[in-house]
Amino acid sequence: YVATPDVDSSRFPLLQSVKATPLHVDTPAELGSGSGQLVTFLCMGIVCPRKNQAFTVKCFKEMAGDRTDVRLKIVGVRRSRDYEISYVETVERAVDGDSRIELHDVTH
């Protein structure tokens, strides 16, 4: 398991600029209510240490700050092996109840 450092936005200039800039998405009128459009980030793949979704969660939370116009969906939770179960728990701790972040199981 190779860990990555905690998110320090000073080490990611692009992350700093995104935090300072409101998100804007052009969508067809039928997809939005005209105001308060939501931007969804999707992360797909089996949740495991090699893919490091916990770091993705940390980066998302750092980028999103207090915004309510963004969400993160992580698809790929599988609890078949001990290391997967353990790492899913790590990701759940990183999410820490943030309602903007959703974890979805693998479907067959």
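Residues numbered from 1 in each chain as written. Predicted model: local features only at pLDDT ≥ 70, side-chain atom pairs only at ≥ 80, totals over all residues. Heavy atoms only, no water.

Trainee: Honestly, helix H3 (residues 82-95) in this entry has me stumped. Any pointers?
Mentor: Spanning 14 residues, H3 covers 20 Å between terminal C-alpha atoms, matching the ideal 20 Å at 1.5 Å per step. Among the residues of H3, Glu 84, Tyr 87, Val 88, Val 91, Ala 94 and Val 95 are the ones counted as buried. Seen from one end, H3 has its buried residues packed into an arc of 115°, which puts them on one side. Looking at H3, the residues exposed on the side facing more than 90 degrees away from the buried face are Asp 82 and Arg 93. Contact partners of the buried residues in H3: helix H2 (53-64), strand S2 (70-77) and strand S3 (101-105). Positive backbone phi, approximately 50°, marks Asp 96, located one or two places after H3. (Helix = DSSP H or I, 4+ residues; strand = E, 2+ residues; numbered from the N terminus. Expected span 1.5 Å × (residues − 1). Buried < 20%, exposed > 50% of the residue type's maximum accessible area, 1.4 Å probe, protein only. Arc of directions from axis to C-beta. Contact = heavy atoms within 4.5 Å.)

Trainee: Explanation requested: the nonpolar core in the structure shown.
Mentor: Taken as a class, soluble globular proteins show a tendency for nonpolar side chains to be buried jointly. Ranked by size, the top nonpolar core spans 18 residues in total, and within it Val 47, Val 57, Phe 60, Leu 72, Ile 74, Val 91 and Ile 101 carry the most contacts. Every element with two or more residues in this core is listed here: strand S1 (39-44), H2, S2 and H3. If we skip the residues at most four places from it in the chain, Ile 74 touches Cys 43, Val 47, Gln 53, Val 57, Val 91, Glu 102, Leu 103 and His 104. (Core = buried A, V, L, I, M, F, W, Y, C linked by side-chain atoms within 4.5 Å.)

Trainee: What is the right way to read the confidence of the model for the protein from this model?
Mentor: Fine structural detail should not be taken from predicted coordinates in areas where pLDDT scores are low. Here the protein averages 81 in pLDDT, while 66% of its residues score no lower than 70. Overall, residues 27-34 carries pLDDT values under 50, and its contacts beyond four positions in sequence, including any with other chains, amount to two contacts. (pLDDT = per-residue confidence, 0-100.)

Trainee: Hey, could you run me through the packing of H2 against H3 in this one?
Mentor: As a packed pair, H2 and H3 sit with axes 9 Å apart at the nearest point and diverge in direction by 5°. Considering the angle they form, H2 stands roughly parallel to H3. Between H2 and H3, the contacting residues are Gln 53, Ala 54, Val 57 and Lys 61 on the first element and Tyr 87, Thr 90, Val 91, Ala 94 and Val 95 on the second. Residue classes in the contact of H2 with H3 are distributed as six nonpolar, two polar and one charged. (Axes fitted to C-alpha atoms, helices over the stretch in contact; angles between N-to-C directions. Parallel < 35°, antiparallel > 145°, perpendicular 65-115°, else oblique. Nonpolar A, V, L, I, M, F, W, Y, C, P; charged D, E, K, R; others polar.)

Trainee: Help me understand the environment of Ala 94 in this model?
Mentor: Residue position: Ala 94 is located in helix H3. Residues Ala 94 and Phe 55, spaced 39 residues apart in sequence, show a C-alpha to C-alpha distance of 8.4 Å. Beyond its immediate chain neighbours, meaning those up to four positions away, Ala 94 contacts Ala 54, Val 57 and Lys 61.

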